[in-house]
Amino acid sequence: MSRLRINRRTALRAGVGGFGGLLLSGCDAVVSAPGARRLVRSAESLSFGLQRALLSGQRLAREFSPAQISPTFRLNGSVNPQNAEYVALREANFSNYRLIVDGLVGSPQSLSLAQLMLLPSRSQITRHDCVEGWSAIGKWTGVPLHLVLARANVLHAARFIVFECFDLKPAAAGVTPYYESIDLFDAFHPQTMLAYAMNDAPLAVGHGAPLRLRVERQLGYKQAKYIRRIRAVATLEGIFGGNGGYWEDAAGYEWYAGI
Ligand SMILES: Nc1nc2c(c(=O)[nH]1)N[C@H]1C(S)=C(S)[C@@H](COP(=O)(O)O)O[C@H]1N2
Ligand SMILES: [Mo]
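Draft legend 1. Quick look at the packing of aromatic side chains. Following the criterion strictly, the structure yields twelve aromatic pairs and no others. Aromatic ring contacts, followed pair by pair, group Tyr86, Phe94, Tyr97, Phe166 and Tyr226 into a single cluster.

Draft legend 2. Representation of the sheet that holds strand β6 (residues 174-183) in the model. Here five strands make up an open sheet; going across it, the order is β2-β1-β10-β5-β6 and the pairing mixed. Each edge of the open sheet carries a strand with a single partner, namely β2 (109-111) and β6. The average undirected angle you get between the axes of adjacent strands in this sheet is 25°. Strand direction decides the pairing type here: strand β1 (residues 99-103) and β2, joined by three bridges, are antiparallel. Across the sheet, residue Val101 finds its bridge partner in β2, namely Gln109. Its contacts with the sheet put helix α6 (residues 145-152) on β1, β2, β5 (160-171), β6 and β10 (227-233), and the angle it makes with β2 is roughly 135°.

Calculation rules
Residues numbered from 1 in each chain as written. Chains lettered and ligands numbered in written order. Predicted model: local features only at pLDDT ≥ 70, side-chain atom pairs only at ≥ 80, totals over all residues. Heavy atoms only, no water. Phe/Tyr/Trp six-rings, centres within 6.5 Å; stacked < 30°, edge-to-face > 60°. Pairing = 2+ DSSP bridges. Helix = DSSP H or I, 4+ residues; strand = E, 2+ residues; numbered from the N terminus. Axes fitted to C-alpha atoms, helices over the stretch in contact; angles between N-to-C directions. Contact = heavy atoms within 4.5 Å.

So far we have only geometry, and geometry alone does not tell us how the molecule works.
Right under this line is the structure:
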């Protein structure tokens, strides 16, 4: 089942590549060695046109009114990471926090919370659905992920964005960080954001302070909390267990957790 789903997304991604090709076909026509051309193109950052194509025409998740915000929003998974690195950051009120953005990017980034808060922000009231059978409506405020990715100049060769978290989870070989990944459609989706506030208050430790992902068309386990690093990659192979997420590796959860 998960293979089938991934294949459907692969086909969609191939479509994106095709569109990128279309945008560049004027130049391609005069180049005799297509292999060489492809090599050059994969080192270029995503064109403005392709970014626009990824941003536009995507289905939005439903948004709710302030009156519909749940009085309590359950905590789930890790709620207070105990590893030394996170504890030290938390004790300094995240003043030393830096979000690392690297991998297949032209301009790697190291961004403080203050820098992230200076970027244009967005708020949305959405419903979070956990596979364990509960839902809650909350208001999220943060920086749209596409703005951070554009700043980092994601390269044409990138296919996925991987979110590595501070919290460590049990694994066959001791411990492994929680992590998640999404494709470029979800990464450039207008509602996909790095949230630093919830219900008009700074994001609480239990909900993933200082920064968590909101990818609103997917289930709860894709909403990575405690993000330490964002990586652009061409393949999920060789990234931790290779299935694109902690629960995907540990329990065979679907990589594409569409609602
Ligand atoms: N880093 C990290 N992110 C995580 C988890 C986790 O254990 N660690 N749990 C996931 C699951 S299963 C859910 S339902 C949501 C819970 O978010 P909440 O605690 O804000 O309700 O976070 C997701 N993101
Ligand atoms: Mo969940």
